[in-house]
Amino acid sequence: RALSYGWKVVWIGFHKKTSGEIRILEKLGVQVSCFAKYHPSCKNSKLRATCVSKSKLKADCTKGIKAIRKLFIKNNPDMLILDEINICVRDEYIKESDVIDLIKSKPENLELVLTGRSATQKIKKSADLVSVIKEEKHPYKKGFQARKAIEY
């Protein structure tokens, strides 16, 4: 929607190496960056090839926070989407205080969008708008694996 009004949109993803959403965003002209590209969980045998240590993920997330701060000044986007950043806070790859600092220090004209389950109460309190998408039923509960074009 923002793109259709000529807004400059930047999307920064966490824990995504490749996905359909990245490809289409790039085709639409969105500036895309990814940090901590590997998966933080090794429970699923299909994900083992993309697993890395928690310390590596934490270091990559820290690079992401630094890049976001620079982006505020350098790129001056109208909308900045930080995809799955709440998961990074929940799983202790990013400090909650760093995200709250981003919210408080963002340029006034910037629409900042944070995604991911489990946003903390402090992050919610710092935000202007909070929405929750709640799963009621999912094939995962029947043992199905993530599906191309649906979950990734």
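Refer to the structure printed above.
Here the structure is a predicted model, which is why all the values come from computation and not from measurement.

The rules behind each value
- Sequence order as written defines the numbering, with residues in each chain counted from 1.
- With pLDDT at 70 or above as the cut-off, local features in this predicted model cover only qualifying residues; side-chain atom pairs require 80 or more to be listed or tallied, and sums for whole chains, interfaces and linings still use all residues.
- No hydrogens and no water enter the side-chain calculation; it runs on all heavy atoms of the structure.
- Note on definitions: salt bridges are taken to be side-chain nitrogens of Lys or Arg within 4 Å of carboxyl oxygens of Asp or Glu.
- Every helix listed is a DSSP run of H or I at least four residues long, and every strand listed is a run of E at least two residues long, numbered separately from the N terminus.
- Each residue is assigned to one of three classes by its accessible area relative to the maximum for its type, calculated with a 1.4 Å probe on protein chains only: buried under 20%, partly exposed between the two thresholds, exposed over 50%.
- Residue contacts are defined here by distance: any two heavy atoms, one from each residue, within 4.5 Å place the two residues in contact.
- Only buried Ala, Val, Leu, Ile, Met, Phe, Trp, Tyr and Cys residues count toward a nonpolar core, and they belong to the same one when joined by side-chain atoms within 4.5 Å.

Participant: Which residues make up the pattern of salt bridges, and what are the values?
Facilitator: One pass over the structure, following the stated rule, counts six salt bridges. Two residues, Lys 54 and Glu 92, come together in a salt bridge whose shortest N-O distance is 3.8 Å. You can see Lys 54 sitting in helix α2 (residues 54-74) and its partner Glu 92 sitting in the loop between α3 (85-90) and α4 (96-105), a full 38 residues away along the chain. Judged by relative accessible area, Glu 92 falls into the exposed class, the value being 54%. Here the residues in one salt-bridge network are Arg 69, Asp 98 and Asp 101, joined through shared partners.

Participant: Account for the environment of Arg 90, naming residues and giving values.
Facilitator: Mapped onto the elements, Arg 90 comes out in helix α3. For the pair Arg 90 and Tyr 5, spaced 85 residues apart in the sequence, the C-alpha separation amounts to 33 Å. In this structure Arg 90 touches Arg 117 and Ser 118, once residues within four positions along its chain are discounted.

Participant: Give a description of the nonpolar core that names residues and reports values.
Facilitator: Grouped burial of nonpolar side chains is what soluble globular proteins tend to show. In this structure, Ile 12, Phe 14, Ile 68, Leu 80, Leu 82, Ile 85 and Ile 94 are the most contacted members of the largest nonpolar core, which totals 25 residues. Listing elements by their share of this core, those giving two or more residues are β1 (9-14), α2, β3 (79-83), α3 and α4. Beyond its immediate sequence surroundings of up to four residues, Ile 12 is in contact with Ser 33, Phe 35, Ile 68, Leu 80, Ile 81, Leu 82 and Asp 83. Formed by ten residues, the second largest nonpolar core is a distinct cluster that contains Val 9, Val 32, Met 79 and Ile 81.

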